[in-house]
Amino acid sequence: MASQAFPKAHRLLTSDDFQAVFADAPFRASHKHFLILARPNEHSSARLGLIIAKKHIRLATERNRMKRLIRETFRRQPPTFSGIDVIVLARKGMDSLDNRTLIDQLDRQWLRIARKALAASTPESTG
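Structure report, in brief. Computed from a prediction, not measured in an experiment: that's the story for all the values here. (Residues numbered from 1 in each chain as written. Predicted model: local features only at pLDDT ≥ 70, side-chain atom pairs only at ≥ 80, totals over all residues. Heavy atoms only, no water.)

## Here's the deal with the overall build of the protein
The following threshold applies: Elements are defined by DSSP. Helices are runs of H or I of four residues or more, strands are runs of E of two residues or more, and each kind is numbered from the N terminus. Radius of gyration: C-alpha atoms only; globule rule: 2.2 Å multiplied by the number of residues to the exponent 0.38. Type-normalised accessible area, obtained with a 1.4 Å probe on protein chains alone, sets the label of each residue: buried when under 20%, exposed when over 50%, and partly exposed for intermediate values. Any two residues whose heavy atoms approach within 4.5 Å are treated as being in contact. Method for areas: the Shrake-Rupley scheme with a 1.4 Å probe, in which residue coverage is limited to the protein chains shown. Counted as positive: Lys and Arg. Counted as negative: Asp and Glu. His and the chain ends are not counted at all. For charged residues, the charge sits on one atom: NZ in Lys, CZ in Arg, CG in Asp, CD in Glu.
If you tally the helices and strands in the protein, you get three helices and four strands. Traced from its N-terminal end to its C-terminal end, the protein shows the element sequence α-β-β-β-α-β-α. Taking 127 residues into account, the globule formula puts the C-alpha radius of gyration at 14 Å, and the protein, at 15 Å, falls close to it. Taking the principal axes of its C-alpha atoms as reference, the protein extends roughly 55 × 30 × 30 Å. In the protein, which comprises 127 residues, the share counted as buried stands at 42%. The contacts in the protein between residues at least 6 apart in sequence include a share of 79% that link residues at least 24 apart. With the model as given, the accessible surface of the protein reaches about 7,700 Å², and the carbon-plus-sulfur share is 53%. Charge centroids of the protein, computed over 23 positive and 12 negative side chains, lie 6 Å from each other.

## Focus: the environment of Thr 80
Relative to the elements of secondary structure, Thr 80 occurs in the loop between α2 (60-75) and β4 (84-90). By relative accessible area, Thr 80 is classed as exposed at 72%. Counting along the chain gives 34 residues from Thr 80 to Ala 46, while the straight-line C-alpha distance between them is 9.4 Å.

## Points about the layout of surface pockets
This is how it is decided: The pocket and cavity definitions rest on a 1 Å grid over protein atoms only: a 1.4 Å probe that fits but cannot leave marks a cavity, an open set with protein on both sides within 12 Å along at least five of seven lines marks a pocket, and residues lining either have an atom within 4 Å of a point. Grid points are joined across faces, edges and corners, and a volume is the space filled by probe spheres set on the points. Classification used: nonpolar for Ala, Val, Leu, Ile, Met, Phe, Trp, Tyr, Cys and Pro, charged for Asp, Glu, Lys and Arg, polar for all others including Gly.
Reported here for the largest pocket is a volume of approximately 330 Å³. Thr 80, Phe 81, Ala 114, Ala 117 and Leu 118 are, among the 18 residues lining the largest pocket, the residues nearest its centre. The dominant element in the lining of the largest pocket, judged by the number of residues it contributes, is helix α3 (residues 99-121), at nine residues. Looking at side-chain class alone, the lining of the largest pocket contains 11 nonpolar, five polar and two charged residues. Quantified by volume, the second largest pocket comes out at close to 170 Å³. Along its surface, the second largest pocket is lined by 13 residues, and His 10, Ala 46, Phe 74, Arg 75 and Gln 77 are the ones closest to its centre. In the lining of the second largest pocket, the residues fall into eight nonpolar, four polar and one charged.

## Section: the pattern of salt bridges
Side-chain pairs of opposite charge can arise whenever the charged atoms involved come near each other. Our working definition: Each reported salt bridge corresponds to a side-chain nitrogen of Lys or Arg within 4 Å of a carboxyl oxygen of Asp or Glu.
Scanning all chains against the criterion turns up six salt bridges. The residue Asp 17 makes a salt bridge to Arg 47 at a minimum N-O spacing of 3.6 Å. Remark: Arg 47 occurs in strand β3 (residues 47-51) and Asp 17 occurs in helix α1 (residues 15-23); sequence separation between them is 30 residues. Judged by relative accessible area, Asp 17 falls into the buried class, the value being 17%.

So this is what it looks like as structure tokens:
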């Protein structure tokens, strides 16, 4: 069975890491219940940062459920989804989504981010 760990190498840990994404996030995917900001990084792996505010999701059990599902969907991304720093910000009402709906919405947004990152990394042909 594959490890379900989420190692430190795959997390945004410092304030500087978060600030870098907020200051320059060329890739964005917005949804009614969350916002994803992303930017290329110098690392070989994708890194994730979570901002799940108590203001938007009151119950700790719901905040923890959101974090767990976001991490799970992020971890399942293909290896091509690397070299990128990502922040997921929860919006009001995110906790009203059931697990299946949230996973589907997150998977859809990860795909959008991956497409945008891929398009930015491939050189445009000038004709």
